[in-house]
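Structural overview
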Protein chains: 4
Amino acid sequence: MERRFRLILACPDRLGIVAMVSNFISSHGGSIADANQHSDSSTGWFFMRVEIVTASGSFDREQLIEQFTPIAQSFKMQWEITDSSVPKKVVLMASRDSHCLADLLYRYHEGELDCEIPCVISNHDDLRSMVEWHGIPYHHVPVDKEDKQPHFDRVHQLIVEHEADTVVLARYMQILPSTVCDLYRHRIINIHHSFLPSFAGAKPYHQAHERGVKLIGATCHYVTEELDAGPIIDQDVVRVSHRDQPQEMVRLGKDVEKTVLSRGLRWHLDDRVLVHGNKTVVFN
Amino acid sequence: MERRFRLILACPDRLGIVAMVSNFISSHGGSIADANQHSDSSTGWFFMRVEIVTASGSFDREQLIEQFTPIAQSFKMQWEITDSSVPKKVVLMASRDSHCLADLLYRYHEGELDCEIPCVISNHDDLRSMVEWHGIPYHHVPVDKEDKQPHFDRVHQLIVEHEADTVVLARYMQILPSTVCDLYRHRIINIHHSFLPSFAGAKPYHQAHERGVKLIGATCHYVTEELDAGPIIDQDVVRVSHRDQPQEMVRLGKDVEKTVLSRGLRWHLDDRVLVHGNKTVVFN
Amino acid sequence: MERRFRLILACPDRLGIVAMVSNFISSHGGSIADANQHSDSSTGWFFMRVEIVTASGSFDREQLIEQFTPIAQSFKMQWEITDSSVPKKVVLMASRDSHCLADLLYRYHEGELDCEIPCVISNHDDLRSMVEWHGIPYHHVPVDKEDKQPHFDRVHQLIVEHEADTVVLARYMQILPSTVCDLYRHRIINIHHSFLPSFAGAKPYHQAHERGVKLIGATCHYVTEELDAGPIIDQDVVRVSHRDQPQEMVRLGKDVEKTVLSRGLRWHLDDRVLVHGNKTVVFN
Amino acid sequence: MERRFRLILACPDRLGIVAMVSNFISSHGGSIADANQHSDSSTGWFFMRVEIVTASGSFDREQLIEQFTPIAQSFKMQWEITDSSVPKKVVLMASRDSHCLADLLYRYHEGELDCEIPCVISNHDDLRSMVEWHGIPYHHVPVDKEDKQPHFDRVHQLIVEHEADTVVLARYMQILPSTVCDLYRHRIINIHHSFLPSFAGAKPYHQAHERGVKLIGATCHYVTEELDAGPIIDQDVVRVSHRDQPQEMVRLGKDVEKTVLSRGLRWHLDDRVLVHGNKTVVFN
């Protein structure tokens, strides 16, 4: 039997990176099942993702990491090696809207998402039955509007307890404190509506209707301290017309949101999203 | 032989509008070739576009207008009747970028746009040969950066002289004075790039590249006094990736711009775009 | 309180149809909330859909039908009047694949589909739990490959017993006998994969992969006697690449299938799909 | 100054290909500006495209080819090395329809297509003026319906005389003889309309209208002996409705055709399209 690992790396571009990496792999009896590179001419950085196949027993992840470390250091790489057979642990967070959560749970149930979902956390109890039908524990952690800290403390504790690699904000309508954002940097995925032009403030779909836009969209991004300004993973839009009242726009917007979120999460789970500065390289 | 007229109207919604309009048409021996209605529940306004077919000789536009006026007044309509056999006169304005102009000229040449193009006006002389190959007069009206008024005066004069119904800003990079905008209200069409999120300031494609957006788009709209904030006619986007440097984004953006502009103009020429407040109803 | 009815009609085009219809509506104190017309110049047929609003108590559907009948006859109309407050009864049929069924059940659960789902029928028992979680009865009607007639008899019986207006084949992998197709003409909706070019025979996604197509799609249509050749309601496609193995294409194909099916069903439930000959007019 | 070469290769997949290739490049002082690989698990073939940057003067294409040959042989590669600074010579062929030709000429004129166009060949004289405006020689080679061979002989002669690397059939409505197809294998690009489902025979847009399809599309492919069955480079579709008469579908179809053709040609010019068997790997 064979084993598969994924090596992702970003470093300043220079001569011989690919040769060094591919030599490393073949000298360890591995072969390259899939590889992507990208040289960003505007920043001078180099990005790479390699799927490595090795014969079973020959290697484990720790050995690969140990032996790749000197190479990585000499090239000043930001890098990671993951074992494809170890699914990421993904904690889902939701509020009352079910569209993103239901879509992710369905895809998980059908084996479309290569991950484990140890639990769902919500500040409301509405979606418990849907989650529990999928055999996943549901944690209702209410928010006290006067003092949100106990909520966030409990959320943080649950994320840690469930050893989450990744947190997905599936229409979780709270703003996570920056302490949590920092701890799970580039590992918290959010989805939000997007318009051309943008609309600030409340009721964006009503504003979009008011403005008579012809497209509404959604953006999936990593959460950073600055609200909705983190590295973008994916975006999409859907066409609307004068016939669409705000509630229709909301319905169509939900479809785009869930599509973009599940696509972004899928790429993240496959280690296809590399972040540099505030932007992503997505090897999809 | 038959003749065709188009009646477009907007008025506060109330009982019996369609009955009144369709009675008017059939009592004058006309039939309805195509009709669209829209009731906007949020504003309480009603919109309608009717293509009327009459036997030749039975009617002319002036008679229709005269006889429809009392009905229109009783319903407080904003309305217009156009003769489908009389193509609109469209003055195109450009600067140095040729993509939108070339696309419109090609479609005009192929008979895809039901209009006359009496002339092209530009603040540069670069595109003269392309325009003149199509048999269209080219007016080079330079801009003096210190005093733009003479430019705008001459532009205005040319528009009037050529009896333009419609002006298309096909990447004309100047901001028309509000006096002209007001005179040709809902008859000046502009195209501009659009992003999710929006970017203010210079070099928007560079900003979009910097931000790592995954979609870039374009918006076609009627020009109003407030820059790029007029009623939206059409929008579209194209997918980009980390591989696309700013110049690639510009190239892809040009394709979206010309597509959206020619589509919007086409609908305008067919009297399919009704404006109410700052938004459009597009019966496409 | 107000009531809403929908009048849909198709007839040979001639003078005065809209006037007659709108007079009928206004003379009965109704107003037109929404209306669409279409004159098909190639067939000479006229199509119309009108949403009629009346004051509550003033009218019921039977009265409208009775009084409209003479008009309909004089214009040789194929027509129907439905009461918007009476949701259609939709029987869902499935086999083992859950993607379409799960999507429809979710949208039903969220109130996005204006219908009742009296039951789900399947030739397998796999999806029972998912269906029953939604509070909908599940009928497992096995198929005997040697003699399918008892299966179809029972299916037919269940459709009748549940007074279905509409039957949706949500990846039900059996071919309904023509007797059933005829009885529910233009009321059985199917979804199937579509490619450019088309592929006949088994394993179409493998054939598409073999051929190296760049788009895969789905078509939603009314079931007629001739397999997959009924009137098309909607179609869509998704982009694939050389990286997509057949199983990836299947996964992406499922997403298109469910999107197109739910959109087509939605339009059907709103009486927006008019059929003439083997093609549809969709007033969406 | 630097020079750029492109190495594209396809071979049976085995251990060490990437290592060997990247070693070859770095040992010759080259660096990898861009690289794509693809392992096709269903066929067991490996595909690669590398953009190599070398310091000017250090290497020329012939030296690279000579020194890479032994490696290529040991891996049984189908391969090619091109010099990015040498644009391909592309002969365009057209008939009467101008949409694809005009689009390609415009993009060529704007510097969007990295190629030379030594001439345009057509069996009609209609498009001479458009082509000559772009400063490109136009060869009118009429077709005698009774005996087409002289036409094809002359066409072949012109292609050879102009040293074409690539031939683009921009709506050239003749079927090239298989002798020519064989000589320019995977170097003749064609565009044709595509539908879901497919339609055989004449007037496909009328058939599509008759069938009430909701999407019409276009396929760009390499020409092989079997008509319209060669390796697909790109495909796209556009939405149509019951309102679109056949002539409208033709107009919309033209837009898709020119978009898909110019995109496919662009990828071909950048050596991004690798062919294996009857399908393509497109590293776009």
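This is a predicted model, so every value here is computed, not measured.

1. So, the overall build of chain A
On a plain count of helices and strands, chain A comes out with eight helices and 14 strands. Expressed as lengths along the three principal axes of its C-alpha atoms, the size of chain A is roughly 60 × 40 × 35 Å. Classification of the 284 residues of chain A by burial places 61% in the buried group. Taking contacts inside chain A between residues at least 6 apart in sequence as the whole, the part at least 24 apart equals 66%. If you average the places of the 30 positive and of the 39 negative side-chain charges in chain A, the two averages end up 5 Å apart.

2. Some details on unusual backbone geometry
Residue and element names in this part refer to chain B. Look at Glu 163: it is not a glycine, yet its phi comes out positive at around 50°. Relative to the elements of secondary structure, Glu 163 occurs in the loop between α5 (149-161) and β9 (166-169). We note that Lys 203 has phi near 50°; this positive angle belongs to a residue other than glycine. Tracing the backbone shows Lys 203 in the loop between β10 (188-195) and α7 (204-211).

3. Focus: the relation of the copies chain A and chain B
Between chain A and chain B, the superposition needs a rotation of 180° and an axial shift of 0.0 Å, giving an RMSD of 0.0 Å. Both copies are brought into coincidence by an operation consistent with a two-fold rotation axis. A share of 97% of interface residues in chain A that are also interface residues in chain B marks the association as one of identical surfaces.

4. Points about the UniProt feature "active site" (unreviewed entry) in chain A
As recorded in UniProt, the sites labelled "active site" (unreviewed entry) are Asp 228 of chain A. On the secondary structure map, Asp 228 of chain A appears in the loop between β11 (215-222) and β12 (232-239). The class of Asp 228 of chain A is partly exposed, set by a relative accessible area of 31%. Look past the residues within four positions of Asp 228 of chain A in its chain and what remains in contact with it is Asn 190, His 192 and His 221 of chain A together with Arg 211 of chain B.

5. Here we look at the interface of chain A and chain B
It is common to report an interface's size as the accessible area lost on association of the parts. At the junction of the two partners, chain A supplies 38 residues and chain B supplies 37 residues. Surface buried jointly by chain A and chain B totals about 3,000 Å² across both partners, of which 48% is contributed by carbon and sulfur atoms. Looking at the side of chain A facing chain B, the largest losses of area belong to Leu 196, Arg 211 and His 242 of chain A, adding up to 23% of the total buried there. Here chain A and chain B share four salt bridges between them. Note that Asp 234 of chain B and Arg 239 of chain A form a salt bridge whose closest N and O atoms lie 3.0 Å from each other. Taken together, the links from chain A to chain B amount to 26 residue pairs in polar contact (both at pLDDT 80 or more). In the side of chain A that touches chain B, the residues fall into 13 nonpolar, 14 polar and 11 charged.

6. Re the packing of aromatic side chains
All names here are of chain A. Summed over the entire model, instances satisfying the criterion amount to 12 aromatic pairs over all chains. Among the aromatic residues, ring-to-ring pairing joins Phe 24, Phe 68 and Trp 79 into one connected group. Seen from the ring of Phe 75, Arg 14 lies directly overhead, with NZ or CZ sitting 4.0 Å from the centre.

7. With respect to the relation of the copies chain C and chain D
Superposition of the two copies of the chain requires a rotation about an axis together with a shift along that axis. When chain C is fitted to chain D, the residual RMSD is 0.0 Å, and the transformation amounts to a turn of 180° plus an axial shift of 0.0 Å. Take the interface residues of chain C: 100% of them recur as interface residues in chain D, which is what a same-surface contact looks like.

8. Looking at the pattern of salt bridges
One pass over the structure, following the stated rule, counts 109 salt bridges over all chains. Across the pair Arg 96 of chain B and Asp 126 of chain B runs a salt bridge, and its minimum N-O distance is 3.1 Å. Here Arg 96 of chain B, found in the loop between β5 (88-94) and α3 (99-109), pairs with Asp 126 of chain B, found in the loop between β7 (120-122) and α4 (128-133); they are 30 residues apart in sequence, far enough to count as distant. Its relative accessible area of 47% is what places Asp 126 of chain B among the partly exposed residues. Its salt-bridge partner being Arg 4 of chain D, residue Glu 51 of chain D comes within 2.9 Å of it at the nearest N-O pair. You can see Glu 51 of chain D sitting in strand β3 (residues 45-55) and its partner Arg 4 of chain D sitting in strand β1 (residues 2-12), a full 47 residues away along the chain. Judged by relative accessible area, Arg 4 of chain D falls into the partly exposed class, the value being 33%.

9. Some words on the pairing of strand β1 (residues 2-12) of chain C
Residue and element names in this part refer to chain C. As judged from the 11 bridges shared by β1 and strand β3 (residues 45-55), these two strands associate in the antiparallel manner. Bridge pairing in β3 links Glu 2 to Ala 55. Examined bridge by bridge, β1 and strand β4 (residues 78-83) share six bridges and lie antiparallel to one another. Opposite Leu 7, over in β4, you have Ile 81 as the bridge partner.

10. Describing a negative patch on the surface
All names here are of chain A. A grouping of Asp 144, Glu 146, Asp 147 and Asp 153 is seen on the molecular surface, where their side chains present a negatively charged patch. Topologically, Asp 147 is positioned in the loop between β8 (138-140) and α5 (149-161). Taking relative accessible area as the criterion, Asp 147 reaches 38% and is therefore assigned partly exposed.

11. Comments concerning the interface of chain C and chain D
Contacts between the two partners involve 38 residues from chain C, matched on the other side by 38 residues from chain D. Both faces combined, the contact of chain C with chain D buries some 2,900 Å², and carbon together with sulfur accounts for 48% of it. By the criterion of area lost to chain D, the three top residues of chain C are Leu 196, Arg 211 and His 242 of chain C, representing 23% of everything that side buries. There are four salt bridges connecting chain C and chain D. Among the elements of the structure, β2 (31-40), β10 (188-195), α7 (204-211), β11 (215-222), β12 (232-239) and β14 (279-282) of chain C are those that each provide at least two residues to the side of chain C that touches chain D.

12. Overview of the packing of helix α3 (residues 99-109) of chain A against helix α8 (residues 246-269) of chain A
Any two packed helices are characterised by how steeply their axes cross, that is the angle between the axes, and by the distance between the axes. Residues and elements named next belong to chain A. Here α3 crosses α8 at 45°, and the two axes come no closer than 9 Å. By the criterion of interaxial angle, the relationship of α3 to α8 is oblique. Between α3 and α8 the crossing geometry is right-handed. In this structure, α3 contributes His 99, Cys 100, Asp 103, Leu 104 and Arg 107 to the contact, and α8 contributes Lys 254, Glu 257, Lys 258, Leu 261, Ser 262 and Leu 265. Taken together, the residues of the contact of α3 with α8 break down into four nonpolar, two polar and five charged.

About the cut-offs
Residues numbered from 1 in each chain as written. Chains lettered and ligands numbered in written order. Predicted model: local features only at pLDDT ≥ 70, side-chain atom pairs only at ≥ 80, totals over all residues. Heavy atoms only, no water. Helix = DSSP H or I, 4+ residues; strand = E, 2+ residues; numbered from the N terminus. Buried < 20%, exposed > 50% of the residue type's maximum accessible area, 1.4 Å probe, protein only. Contact = heavy atoms within 4.5 Å. Lys, Arg positive; Asp, Glu negative; His and termini not counted. Charge placed at Lys NZ, Arg CZ, Asp CG, Glu CD. Least-squares fit on C-alpha atoms with pLDDT ≥ 70 in both. UniProt positions renumbered as here; feature names shortened; annotations may be inferred. Buried area = accessible area lost by both parts, 1.4 Å probe. Salt bridge = Lys/Arg side-chain N within 4 Å of Asp/Glu carboxyl O. Polar contact = N/O pair within 3.5 Å; in protein donor to acceptor, adjacent residues only side chain to side chain. Nonpolar A, V, L, I, M, F, W, Y, C, P; charged D, E, K, R; others polar. Phe/Tyr/Trp six-rings, centres within 6.5 Å; stacked < 30°, edge-to-face > 60°. Lys NZ or Arg CZ within 6 Å of the ring centre and 35° of its normal. Pairing = 2+ DSSP bridges. Patch = residues over 30% accessible without salt bridge, like charges linked within 9 Å, V, L, I, M, F, W, Y side chains within 5 Å. Areas by Shrake-Rupley, 256 points an atom, 1.4 Å probe, with all protein chains shown as cover. Axes fitted to C-alpha atoms, helices over the stretch in contact; angles between N-to-C directions. Parallel < 35°, antiparallel > 145°, perpendicular 65-115°, else oblique. Left-handed = near helix turned anticlockwise from the far one by under 90°.

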